[in-house]
Each structure stands twice: as structure tokens, then as C-alpha cells.
Amino acid sequence: MERRRAAQDLLPHLILWGGIAIVAFPIYMTFVASSLTQEDILAGMPLLPGPHLVANYREALFRGVVATSGISVLRMLWNSLVMALIIAVGKIFISLLSAYAVVFFRFPLRMTVFWMIFVTLMLPVEVRIVPTYQVVAELGMIDSMAGLTIPLIASATATLLFRQFFLTIPDELVEAAKIDGAGPLRFLVDTVVPLSRTNLAALFVILFIYGWNQFLWPLLITNSPKMTTIVIGLTQMIGLGEGRTDWDIVMATTLLAMLPPALIVLLMQRWFVKGLVESEK
Amino acid sequence: MGEVTLRAVRKSYGATEVVHGVSCDIADGELVVIVGPSGCGKSTLLRMVAGLEEITAGEILIGGKVVNAVEPKDRDIAMVFQNYALYPHMTVRDNMAYGLKIRRLARAEVEARVRRAAGILQIEALLDRKPRQLSGGQRQRVAMGRAIVRDPQVFLFDEPLSNLDAQLRVQMRVEIRRLQQSLGTTSIYVTHDQVEAMTLADRLIVMRGGVAEQIGPPLLLYERPATVFVAAFIGSPAMNLLPAVASEDAVVLAGGARLPLPAGLAADRPVTLGIRPEHLVAGDGPATIEVRVELAEMLGADTILHGRLGDGSLLQARLPGAERAQPGERMRLAVDPRQLHVFDRESGKRI
């Protein structure tokens, strides 16, 4: 009986391990490459890490490379972090408030407003990127953190998600709060937000990664090297044509760029599960 | 100080009127139960008192003040909801203290009030739990605790026992009554369960289709129902209602049985005759009806007899448990003429 169990478990495990290997191998190769010198990489890559790990990372983090006009990766990581945080927090804040208004208040054209928000879902950023650029340029927000983040903050998806969740909050709870004397803002802060914490955690993870991985918009809106985000910086490092590419540094930077989103996922996951276990309907 | 007055209160949603002018004076400390089938407007009426629904026309007074335009939180009321409406993320203590904290009571006072209410309801041991860790009955107590700590002028109960199982409902019913009497707080209680209504109420408001059919103490409604609807709604098993024609000193049933009446009536008037099942006894009397037994439910203490009259209409009788009857058997049932209820067939009003 036991032996048959083990045999039955073997195949799924093999498939899973195979999957993990396929997903993890490129990351492992990136790690290996980041521990070698440029010459080692070009001479044909070994499968085991080399001795230059610390040196490569130090160079990437603090010195910067010619391709990025001498801006260090540390600065780029900082830019990306600020941008992603502003976008994630801003999106959550705005969509929480708009969903709250649409669900809990009765005002003229309520459904029209909701559908207008909903319709913007159907327009990807790329479609409206030229007019948006013009608006931002005329407001003088080119090359600023505000120009980088504000146009990306409005979020139909998050509004929709919050709306769906808010609709599950029973009317009696709203009424009990009314009788207890909690005003709309108080009800939002004391009841709606604590009840939404699972959704908040999930959305924060998704939106942070969304912000972190922004490419097209930062590429358009930032000119000064000081505003370069890590994703843009990474592409600049890979030289085109004659430009020399320091593959060891590029690989180190790649891993560094992956680190913050991975950390956010790991950290928030604990919350997330806690929220899921504790939540009740 | 805790009296509530309804003056021709109406409620419409757009063009549809759902409450058609209800008036009632509720004295301080009284427990009034609003009872009726679903959709009769009883919850709407309660919610108007709470301030959760706007009042289309008429006036509601709490403690002598018109509250039509007053916010729920300023009406000095507390409400217990059917699904308890506890804040799921707060502990029992925080649930009970929330309203007081918003009112900026001193922390010591809040704690003292929560302790006292928890003591009354015997939920001290649960104060640090979250609502999901409680059973239905315990949640119900917490919901009541939340109302008690506020020490309001009026308690409003919106079918508070509907989500409990039958046994717990009976137990909580008794407790609510005892609690209300010891606190002496004016209460309005909505239910669709007529047994709950009868046992709890100082006075009943029986509603149908947005109209208060009758307002009065439970026993008065049982003994002298004003309309056919109240007659059928109050009492279990329900009153037998039979089509009949009045002559000067008697009513003649459609099946031909003639029952004498204590007071005279205009002749040849079409009426509905009401006989409570528990007022029928086996045997002969001044007013006797013959039925063919269809079914006898032996409940031990009682036997509920389902019989058919000559014209095919049904008659239920609640007889002592010792009474035996076989299906198909013919049986004579007698009733005291003073316990007959006669209603006008057209209007359904008591004559």
C-alpha cells in the first residue's frame, strides 16, 4: 500500500520539479553570470558561479556604467521604488474612495459615473499615451515624479474589484453604523477598510509589480538620467550596435531589479494568508 | 420620556405607497409588537422610526419631539437587526463600545457600561472574542448588548430571533421580555411570528398591506378581532372562517347548519362566521355542526380534528387528547354562541 502511494506520488513530483527547473533555470543562469567577469561569459558560460559576485554587485550598485550616464543602480532602484509605491498606494487610495462613493452613496448619475470608470478599462495605456503625454508636457511635469506617477494612478480595475467587494458588505452593517453614529468617513476607516484588508494586500502586490514594471511611460516622460528607473536603466545598459555591453553588470542589475517585487510578494503573502484565514462572510 | 407617537405615517417608493397612514401612541416602557405577513410594511414602519427610511408623510415623535428630519444617531434609539449586524473585525467588547466611543464618552464610563451590559446578558466571558467565534444565540446577545450599553429611549427590534433555531428562539423570547421589563425601556418589536408576538407584546399592531388592521393588547385581539384578517392571523390553529347568511337571531351556514346568535342581526346579510378550533367541543349544544372526519392529528395533549362540512368547506377543531375519531366517521361538534365571531362578508369587518 505504502509503496504504491510513493509510486503514485513520483510522477506528479517529477512533473513539478521539471516545471520548477524550467522556470528557475534562466534565473540561475543570470545569477551565475553575475558572479563572473565579462571575459568568462563571452568565452562560453560555465554552469557554476565564479568568484566575482561581490565585486560585480558593488560596481553595479554604486558606480554606474557609461551607458546610464554614470547613474548608479542604487539610484535607479530608489526611483523605481518611489514610483511603484506612489502608483500602488495612489491607485488603492483613489479606487477605494471612488468605489466607496459608487456603492454606498446615492447621487444623480451614479451608474453613469460607474460605467464611465468601467469603460476606461477598455482603453490600454498605449492608446491614450500621446494625448496623455501632451497634457503632462503642458503642465510642465516632464521629468518629475508627479509626471511619472499621476497619469498611471487612475485605476478602473481596482475600482471594480473594490466595488464588487463592497457590494458583499451587508446593508445592516451600514445601518448599524449609522445608528451607532459613525459618519461616512468614520465607517470607511473603522469598518470598510479593516474588512477589505485582504483585498488591499492582494491589490497592493499586483499594483506594486505593475508600477515597478512600467516601461513605455517612464521611457517617454523621463529625459534626465537622474529620473531613470531600473527597468529603463537595464535596457539602456544593453548596448546597441557598437556599444559595449558589460554582461556581468547587466546580470547583476537584473537580479537587483527582481529583488524588490519578489520581497513585496514574500512579505505580503503572509498578510494575505492571514487575511484569508481570518476573513468571514 | 420614552414615548413614541406615530401620526398618519405614510411611506411611498415613487408612485407606490407601501405604508398607508399608520397612527399609534406608544407609552413609555411599553413593548409594542408589529406583526404581519411579509411585505405588509412592518419593517418599513420600524425603519422609519429608526430613521433609516425617510417619512413620506405624517409625523413620528420620540420623547415628545418630532424626529422626521433627525438623523438616526440623534434619535436616541438602538436597533437589533435580524442578522445581528455585528462588526466582524471587532471584538465583542469593541462592538458594544463602538457607539459610545463615537459619542466620546470617557473610557472608564464606556468600560463600566460594557461590563454592566455584559453582566446582564451573561456574556462577560466572551468579551474578547470576535463575532465569528460565537454561536447564533451568543451573537444575538451581543447585538442586544450593543443596544443596552447605549441606554436609549427606545429599543427597536427587527425580527431579532428569526435566525435562531426553534428552541433557542423560545428561550431568547422569554429573555427579551424579562430584560425589557427590568430595564423599562420602550420597545418596538417587528416579527412575522404570531406566537412570538402574542407572548411578548403589551400591545400588538397587526399590519396588512401597509395598513394597521388592529391595535390592541394580545388577548383583546384574540377575543375580539376587528377584521377577518386579524381573526385568521392570531391564534393557532387558525380560526375557521365559514361563509354564512345571517337571519334575525342566528346564522345559517352554507351547508345548512343553523347556529343561534346572542345578539340579533339584519336578516339575509351575507357574513363570514368565525369559530376558533379550541372553542369546539364534541357533542351537542345550543349551536351544533355536523362534520365528516377526514383526519385526526393526535398530539397527545390535544387532538386536532380536520372535518368537512356538508357543503365541502373545512373545519378544524382542537379537542382534548382523550377524544378519538376515525377518518370517515360523522361527528357532532358544539360551540358556545357567545364565542362565535361574525364578520361582514364584503368588508371583512367585525359585526
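Conventions used here
Residues numbered from 1 in each chain as written. Chains lettered and ligands numbered in written order. Predicted model: local features only at pLDDT ≥ 70, side-chain atom pairs only at ≥ 80, totals over all residues. Helix = DSSP H or I, 4+ residues; strand = E, 2+ residues; numbered from the N terminus. Rg over C-alpha atoms; globule rule 2.2 N^0.38 Å. Buried ≥ 20, exposed ≤ 12 C-beta atoms within 10 Å, placed from the backbone. Contact = placed C-beta atoms within 7 Å. Domains from an automatic or database assignment. Nonpolar A, V, L, I, M, F, W, Y, C, P; charged D, E, K, R; others polar. Pairing = 2+ DSSP bridges. Axes fitted to C-alpha atoms, helices over the stretch in contact; angles between N-to-C directions. Core = buried A, V, L, I, M, F, W, Y, C linked by C-beta atoms within 7 Å.

(A) Expanded view of the overall build of chain A. Looking only at helices and strands, chain A has 14 helices and zero strands in total. When its helices and strands are written in sequence order, chain A yields α-α-α-α-α-α-α-α-α-α-α-α-α-α. Radius of gyration (C-alpha) of chain A: 24 Å, far over the 19 Å computed for a compact globule of 281 residues. Taking the principal axes of the C-alpha coordinates as reference, chain A spans close to 75 × 75 × 30 Å. Evaluated residue by residue, chain A yields a buried proportion of 29% over its 281 residues. In chain A, the proportion of contacts linking residues at least 24 apart, taken out of those at least 6 apart, comes to 74%.

(B) Quick look at the environment of Phe187(A). Residue and element names in this part refer to chain A. Its place among the elements puts Phe187 in helix α10 (residues 184-195). By the C-beta count within 10 Å, which is 20 here, Phe187 ends up buried. With ten residues separating them in the primary sequence, Phe187 and Ala177 have C-alpha atoms 6.7 Å apart. Those residues within four positions of Phe187 in sequence are excluded, and the remaining contacts are Val174, Ala177, Ala182 and Val192.

(C) Focus on the domain arrangement of chain B. Domains assigned within chain B are domain 1 (4-232) and domain 2 (242-344). Its C-alpha centre places domain 1 of chain B at a distance of 39 Å from the equivalent point of domain 2 of chain B.

(D) Structural view of the domain arrangement of chain A. Residue and element names in this part refer to chain A. Domain parsing of chain A yields domain 1 (2-53) and domain 2 (66-278). Once you take the C-alpha centre of each, domain 1 and domain 2 turn out to be 33 Å apart. Contacts between domain 1 and domain 2 engage nine residues on the former and seven residues on the latter. Where the side of domain 1 that touches domain 2 is concerned, the elements lending two or more residues are α1 (2-33) and α2 (38-42). Among the elements that line the side of domain 1 that touches domain 2, the one with the most residues is α1, at three residues. For the side of domain 1 that touches domain 2, the residue count by class is four nonpolar, five polar and no charged.

(E) Geometry of the pairing of strand β1 (residues 4-13) of chain B. Residue and element names in this part refer to chain B. In the sheet, β1 pairs with strand β4 (residues 57-62) via five bridges, with the strands oriented antiparallel. Across the sheet, the residue bridging to Arg10 is Ala57, located in β4. Bridge count for β1 against strand β2 (residues 16-26) is eight bridges, and the pairing is antiparallel. Bridge pairing in β2 links Lys11 to Val19. Linking β1 back to β2 in an antiparallel pair, the connection comprises two residues, with Gly14 at a positive phi of about 65 degrees.

(F) Region of interest: the environment of Glu159(B). Residue and element names in this part refer to chain B. Mapped onto the fold, Glu159 is located in the loop between β7 (154-158) and α5 (166-183). Taking the C-beta count within 10 Å as the criterion, Glu159 has 19 such neighbours and is therefore assigned partly exposed. Sequence separation of Glu159 and Gln82 is 77 residues, and the distance between their C-alpha atoms is 5.1 Å. Every residue in contact with Glu159, bar those within four places of it in the chain, is listed here: Gln82, Val190, Thr191 and His192.

(G) Expanded view of the sheet that holds strand β11 (residues 240-246) of chain B. All names here are of chain B. The strand order across the open sheet built from five strands is β13-β12-β11-β14-β20, with neighbouring strands paired in antiparallel fashion. Edge strands, defined here as strands with exactly one partner in the open sheet, are β13 (258-260) and β20 (341-344). Adjacent strand axes in the sheet meet at a mean angle of 40 degrees when their direction is disregarded. Pairing geometry for β11 and strand β12 (residues 250-253), over three bridges, is antiparallel.

(H) Summary view of the interface of chain B and chain A. Residue-level contacts link 18 residues of chain B with 15 residues of chain A. Sorting the residues of the side of chain B that touches chain A by element identifies β6 (77-80) and α2 (92-102) of chain B as the ones contributing at least two each.

(I) Fine view of the nonpolar core. Residues Phe204(A), Val33(B), Ile34(B), Val49(B), Met79(B), Leu156(B) and Ile188(B) are the most contacted members of the largest nonpolar core, which totals 131 residues. At nine residues, helix α4 (residues 73-104) of chain A tops the list of elements feeding residues into this core. Ranked by size, the runner-up nonpolar core spans 15 residues in total, among them Leu36(A), Leu234(A), Met237(A) and Met251(A).

(J) Region of interest: unusual backbone geometry. Here the bond from Ser236(B) into Pro237(B) is cis, since omega is -5 degrees, no more than 30 degrees from zero. In this model, Ala85(B) sits at a positive phi of 50 degrees, which is unusual for a non-glycine residue.

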